[in-house]
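Listed here are the chains, written in short residue letters.
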Amino acid sequence: MDAPQPSGAEASAKVIDGKLVAQQIREEIAAEVSRMKDAIGAVPGLAVILVGDRKDSATYVRNKKKACEAAGINSFEVRLQEDSAEAEVLKHIAAFNDDPAVHGILVQLPLPKHMNEENVLNAVSIEKDVDGFHPLNIGRLAMRGRDPLFVPCTPKGCIELLRRSGVQISGKRAVVIGRSNIVGMPAALLLQREDATVTIVHSRTKNPEEIVKQADIVVSAVGQSNMVRGSWLKPGAVVIDVGINAVEDASCSRGYKLVGDVCYEEASKVASAVTPVPGGVGPMTIAMLLSNTLASAKRIHNFQ
Ligand SMILES: Nc1nc2c(c(=O)[nH]1)N[C@@H](CN(C=O)c1ccc(C(=O)N[C@@H](CCC(=O)O)C(=O)O)cc1)CN2
Ligand SMILES: [Mg+2]
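Procedures and definitions
- Residues numbered from 1 in each chain as written.
- Chains lettered and ligands numbered in written order.
- Predicted model: local features only at pLDDT ≥ 70, side-chain atom pairs only at ≥ 80, totals over all residues.
- Pairing = 2+ DSSP bridges.
- Helix = DSSP H or I, 4+ residues; strand = E, 2+ residues; numbered from the N terminus.
- Domains from an automatic or database assignment.
- Axes fitted to C-alpha atoms, helices over the stretch in contact; angles between N-to-C directions.
- Contact = placed C-beta atoms within 7 Å.
- Parallel < 35°, antiparallel > 145°, perpendicular 65-115°, else oblique.
- Nonpolar A, V, L, I, M, F, W, Y, C, P; charged D, E, K, R; others polar.
- Near = placed C-beta within 6 Å.

### Here we look at the sheet that holds strand β11 (residues 273–274)
- Overall, parallel pairing links the six strands, which are arranged β1-β11-β8-β7-β5-β6 in an open sheet. Only two strands of the sheet have a single neighbouring strand rather than two, namely β1 (14–15) and β6 (197–201).

So this is what it looks like as C-alpha cells:
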C-alpha cells in the first residue's frame, strides 16, 4: 500500500485490526493442524513453563492454552512457585527437550528476579524454541544469509500485520522505538531483513521526534503511555503500536484501561494506518506462537 496521505484535521487513518487478522491466522493454523493429523497422525504440542504468581503472566498463559485447544494443538503446562530454584526450571526444560510429543517450549517472561534469564533461555533446544529467544536463533536473525529456525512472536506479528494490510516494507524508512530483546531489537532486525532502512530510537536518543518524523513505518515498543504524539509522525506513516500500558480509569470496571505508546487520537489524524491498543499487535503474539509451534512440528516430522 502506498498509502493515501491524510492531511487535514478530518483525516482518519485506517485501523489495522489485529484481533481480526489474528483470528484469520488461527483458523488457517487449525486447518493445517487438522491436515497434518489426518495425513501422518501427529499433532503439534506446546509446553509452557510459568514461574511465580504474576496475574498478567497467568492470563497470557491461560490464553495461550485456550488458543492451542481451539487450533487442535496439544498443550503441556508446568507451574512453579515464585521462590523455585532455577535448577527446577532447567530440569523441566530438559525433560521437554527430550519429549517427542513436545514441538515447542516457552518459558513465560518475566522470570522472578533471582533467576538468570539467559541461562534459562539458553537451555531450550533451538529446535523447539518457538519464542525465538535462544541466542542462536536471535544471532541468525541478525546475520545475512542465515535463517533462524524461529522468530520472536510479537515482532513477527508486527511484520505479518504489515504484510496482510498490504503495506510495502522494502525500500521504506522504518523507525523502531525501544530496544528490548523481546520486541525492539528483533523488530528492527526483521524490518531490515524485509529491506527497510531501519533506525532504532531509544532512551538516550537526542530529539527522537525528529527521527520518528522521517519514518514511513513506525514501530513503538517502549511501554510509555501516549509518548508518541501526532506531531512526531510524518503524514501518511503506518504506525504499529506494541505498547500495552495500563492507565487509571475509574469509568472502567477494572479501574484501568489499556493504551499504547502512541497517542491514538492524534496519530489517527496524521497516519495512513494505525494499530489500536488493545486489539492490535497483542492478539498477533499468540497467533504467531501457534504458527511457530505448527512450523516446528512440521519440521520435526518432515511434513510439508
Ligand atoms: N515467553 C514470553 N513471554 C512474554 C511474551 C512472549 O512473547 N513470550 N510476550 C509478552 C506477553 N504476551 C505473551 O506472552 C502477550 C501480551 C499481550 C497479549 C495480548 O493479546 N494483549 C491484548 C490485551 C490483553 C488484555 O486485555 O490484558 C491486546 O493487546 O489486545 C498477548 C500476549 C511478555 N512476556
Ligand atoms: Mg527499550
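Now, onward.
### Comments concerning the domain arrangement of the chain
- Taken as a whole, the chain is organised into domain 1 (41–125) and domain 2 (152–283).
- Inter-centroid distance (C-alpha atoms) of domain 1 to domain 2 is 28 Å.

### Looking at the sheet that holds strand β4 (residues 104–107)
- The sheet built from three strands is open, its strands ordered β3-β2-β4 with parallel pairing. Strands with a single pairing partner mark the edges of an open sheet, and in this sheet they are β3 (74–80) and β4. Between one strand axis and the next, the sheet turns by 15° as a mean value, whatever way the strands run.
- When strand β2 (residues 45–51) meets β3, the two strands line up parallel, connected through seven bridges. Across the sheet, the residue bridging to Leu 46 is Ser 75, located in β3.
- Its contacts with the sheet put helix α2 (residues 55–71) on β2 and β3, and the angle it makes with β2 is roughly 170°.

### A few points about the packing of helix α6 (residues 153–164) against helix α10 (residues 282–300)
- Two elements in contact, α6 and α10, have axes whose closest approach is 8 Å; the angle formed by their N-to-C orientations is 100°. In terms of their interaxial angle, α6 and α10 are classed as roughly perpendicular. Contacts between α6 and α10 involve Cys 153, Thr 154, Lys 156, Gly 157, Glu 160 and Leu 161 from the former and Met 284, Thr 285, Ala 287, Met 288, Leu 289 and Asn 292 from the latter.
- Split by residue class, the contact of α6 with α10 holds six nonpolar, four polar and two charged.

### Section: the site of ligand 1
- In the neighbourhood of ligand 1, 18 residues make up the surrounding shell, with Tyr 60, Leu 109, Pro 278, Gly 282 and Thr 285 lying closest.
- Contributing elements (two or more residues each) for the shell around ligand 1: β4, α6 and α10.
- In terms of residue count, the dominant contributor to the shell around ligand 1 is α10 (four residues).
- Looking at side-chain class alone, the shell around ligand 1 contains twelve nonpolar, five polar and one charged residues.
- There are two domains that each give the shell around ligand 1 at least three residues, and those are domain 1 (41–125) and domain 2 (152–283).

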